[in-house]
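Structural characterization, general
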Amino acid sequence: YHTRCRSLDTQSANRELRRTVAQLHQLEDELRRSDERFRASVETMLDGCSVCSAVRDSTGRIVDFTLEYLNETACQFNGMSKDQLVGGRLLVVRPKQPDPSLFWDYCRVVETGERLNRERVLYVNQDQRQGVEAAYNVRAAKLGDGFVAASLDITGRARAEAARQESEAKRS
């Protein structure tokens, strides 16, 4: 009797284990498909997209951000490859930001959860096109102990606006 009960218990446990393994495989497949859809969507965006995590000092204060992910557009905006950027530090990649308040805005996003929407952020490219000004609309939201940011290149619009203002100033 005990042997038969153990055999039934083992068979029942094996069936349950097979069901659980099948469910895990199904969940892994769903997660893989979801990840593929996400990556395809983000990689084809015209906006630059980046995910950064906070680097904190011994007191817990944010001192930098690690670049965890960048889509191809964000890499193009920075004039560098993913291999050069991912794992790097934000303040090393952009050591001479013309508007250092953007760093503090990112810190505020992480610390408070308050979303960021900066209409016009100006940069001077640090690569072979040094001296060329670029302008971006930057949006960011808290993600874990970091943030996700989307940047839309508005350089053409910003240059046209500057040219229009210069033209109007000359006419005055």
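This part takes up the overall build of the chain. In terms of regular secondary structure, the chain is built from six helices and five strands. Ordered by position from N to C terminus, the α and β elements of the chain give α-β-β-α-α-α-α-β-β-β-α. Within the chain, the fraction of its 172 residues that count as buried is 31%. Long-range pairs, those at least 24 residues apart, make up 45% of the contacts in the chain with a sequence separation of at least 6. Put simply, the chain shows about 11500 Å² of open surface, and 53% of that area lies on carbon and sulfur atoms.

What follows concerns the packing of aromatic side chains. Applying the stated criterion across every chain, the model contains six aromatic pairs. Their ring planes at 85° and their centres at 6.4 Å tell us that F65 and Y106 sit as a pair that is edge-to-face. With F65 in strand β2 (residues 62–70) and Y106 in helix α5 (residues 101–112), this pair connects stretches of sequence that are 41 residues apart. What makes Y106 buried here is its relative accessible area of 7%. Between F65 and F147, the ring centres sit 4.9 Å apart and the planes meet at 80°, which makes this aromatic pair edge-to-face. Placement of F65 in strand β2 and of F147 in strand β5 (residues 146–153) is noted, with a sequence separation of 82 residues between them. The exposure classification of F65 matches that of F147, with both residues buried. Counting every residue linked through ring pairs, the aromatic cluster contains F65, F103, W104, Y106 and F147.

With that out of the way, let us pick up the nonpolar core. Core analysis: the biggest nonpolar cluster contains 26 residues, and I62, F65, L67, Y106, A140 and F147 have the highest contact counts within it. Counting residues per element, the ones that place at least two in this core are β1 (48–56), β2, α2 (72–78), α4 (90–93), α5, β3 (116–124), β4 (133–142) and β5. Here this core gets six residues from one element, more than from any other, and that element is α5. Leave out the neighbours within four places in its chain, and I62 touches A54, V55, R56, F103, C107, V110 and E111.

When the terminal C-alpha atoms of α5 are compared, their 16 Å separation across twelve residues agrees well with the 16 Å that a helix rising 1.5 Å per residue should span. Within α5 the residues assigned to the buried category are L102, F103, D105, Y106, C107, V109 and V110. Two residues or fewer after α5 comes G113, characterised by a positive phi angle close to 85°.

Quick notes on the rules
Residues numbered from 1 in each chain as written. Predicted model: local features only at pLDDT ≥ 70, side-chain atom pairs only at ≥ 80, totals over all residues. Heavy atoms only, no water. Helix = DSSP H or I, 4+ residues; strand = E, 2+ residues; numbered from the N terminus. Buried < 20%, exposed > 50% of the residue type's maximum accessible area, 1.4 Å probe, protein only. Contact = heavy atoms within 4.5 Å. Areas by Shrake-Rupley, 256 points an atom, 1.4 Å probe, with all protein chains shown as cover. Phe/Tyr/Trp six-rings, centres within 6.5 Å; stacked < 30°, edge-to-face > 60°. Core = buried A, V, L, I, M, F, W, Y, C linked by side-chain atoms within 4.5 Å. Expected span 1.5 Å × (residues − 1).

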